[in-house]
Structures are given as C-alpha cells and as structure tokens.
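Letter by letter, the chains look like this.
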Amino acid sequence: QMAKNKAHKHVAKRRPLEAVAAEYDAHFGRRFGDRWPALREALTCPSTHALLINKHCASDGHSLWRGAGSFEELPLNTPSVRLPPLMSAFHAAAPADSTGCIAYYLLDAASILAVDALDLRADDTVLDMCSAPGGKAIAIAQHLNLRRSQLWCNDVSKERCQRLRRGVSQ
C-alpha cells in the first residue's frame, strides 16, 4: 500500500487549460513583446484552403471545380480558388487523367502565396529544400516550362522524401 501511494505522488496533475494558456502567453509575450498579440492571432486563426489547378494535367481542373459550386478565384499568378470552410472532402474526389495526373490539389492558400512571391519565370531553376509533402513543389511547377526549367526537391528524412515522391508523382 505504501509503494502504491508513493507512485501516485509522482503522477503529474493536469492543469486547467486557462492556466496553460496564460503560461504560454506569458512566455511568448516576453519573447516577442508587442508583436505577440498579432503573432498569436495569426497562429490561431483558421487556415484558408485553396484548390491549386494543375495546368500540366490533361483533365481540365477549371471545369471540374466550377461544376462543384461557386468559388472565389484567388488574386494570384498561380491558378487557384479559395475553398469555402468544410470543403476539404472535395479534394478526395480529385480525378486523375489517363496518365495518373491529378487535375487539382488542396493546399493552404499561404503555400500558394509563398510560391507567387517568388515571381518565377518559365525557364527558372528552383531548389526546394524542405519540399515534403510536395504542395509548394506542385505550385512551383505551375509556373515552369517542364521541358526548359529544372525543379530540384529535397527533404531532411528518407520518410519525408518518400512522401514527397508520392505527392509529386501524381
């Protein structure tokens, strides 16, 4: 009985969520100062998902998503549309053409924005060093002429590289 009581004393007690959140805010508030409230808001706001239209696919991604409802085109150079909340199931229905190429991809809109900021040209050579699972690499490929340009993709681990290969092979 005595050993059992000692074991229970070493079990960490669960703290209320409010206490953990306050400690979290205090820690990062000290680290980031006045910037922390805006950073916290950006980190906790819901993601905006988008469909990235694959221009290298024989299937017409534009007609496929237009048939599924009304979507807002994003004001970007990469062909993409904003997904309404709870539309991630739409990605599961992404059809492939006869070569296995997928007509569109579901991505976080921020990934597409990051690629647009690169201001890529069709004949550029690009090195993507943190590439898995491959969403940004696929977005980059939309700007490149695949016969004249080069896209080099890599990641830190063998498992992530395998995931990258699966993602970009579609």
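Residues numbered from 1 in each chain as written. Predicted model: local features only at pLDDT ≥ 70, side-chain atom pairs only at ≥ 80, totals over all residues. Heavy atoms only, no water.

### As for the layout of surface pockets
In step 1: The computed volume of the second largest pocket comes to approximately 280 Å³.
In step 2: For the lining of the second largest pocket, the elements supplying multiple residues, two or more each, are α7 (135-141), β6 (150-153) and α8 (158-169).
In step 3: Looking at the lining of the second largest pocket residue by residue, the class counts come to 10 nonpolar, five polar and no charged. (1 Å grid on protein atoms, 1.4 Å probe; cavity = no way out; pocket = protein on both sides within 12 Å on 5 of 7 lines; lining within 4 Å. Points joined across faces, edges and corners; volume = space filled by probe spheres on them. Helix = DSSP H or I, 4+ residues; strand = E, 2+ residues; numbered from the N terminus. Nonpolar A, V, L, I, M, F, W, Y, C, P; charged D, E, K, R; others polar.)

### Remarks on the pairing of strand β1 (residues 49-53)
In step 1: Counting buried residues along β1, four of its five residues qualify, which places the element largely inside the surrounding structure.
In step 2: With five bridges joining them, β1 and strand β4 (residues 104-108) adopt antiparallel strand pairing. Its bridge partner being in β4, Leu51 is matched across the sheet by Leu106. (Buried < 20%, exposed > 50% of the residue type's maximum accessible area, 1.4 Å probe, protein only. Pairing = 2+ DSSP bridges.)

### Thoughts on the packing of aromatic side chains
How two aromatic rings sit relative to each other is given by the distance of their centres and the angle of their planes.
In step 1: Scanning the model with the defined rule gives five aromatic pairs in all.
In step 2: Each ring, one from Phe28 and one from Phe32, has its centre 6.2 Å from the other, and the planes form 15°; the classification is stacked. Note that Phe28 and Phe32 are positioned in helix α2 (residues 17-32) at a spacing of four residues, about one turn of the helix.
In step 3: Of the residues examined, Phe28 reaches a relative accessible area of 25% and is grouped as partly exposed.
In step 4: Taken together, the ring pairs in this structure connect Tyr24, Phe28, Phe32 and Trp36 into an aromatic cluster.
In step 5: Sitting above the plane of the Phe32 ring, Arg31 keeps its charged end 5.9 Å from the centroid. (Phe/Tyr/Trp six-rings, centres within 6.5 Å; stacked < 30°, edge-to-face > 60°. Lys NZ or Arg CZ within 6 Å of the ring centre and 35° of its normal.)

### Brief notes about unusual backbone geometry
In step 1: Omega for the bond connecting Ala132 with Pro133 falls within 30 degrees of zero, at 5°, which places this linkage in the cis form.
In step 2: Residue placement: Pro133 occurs in the loop between β5 (125-128) and α7.
In step 3: Even without a glycine there, the phi angle at Asp119 is positive, about 50°.
In step 4: One can find Asp119 in the loop between α6 (109-116) and β5.
In step 5: Accessibility expressed as a relative area gives 57% for Asp119, which makes it exposed.

Function cannot be inferred from these measures alone, as they are strictly geometric.
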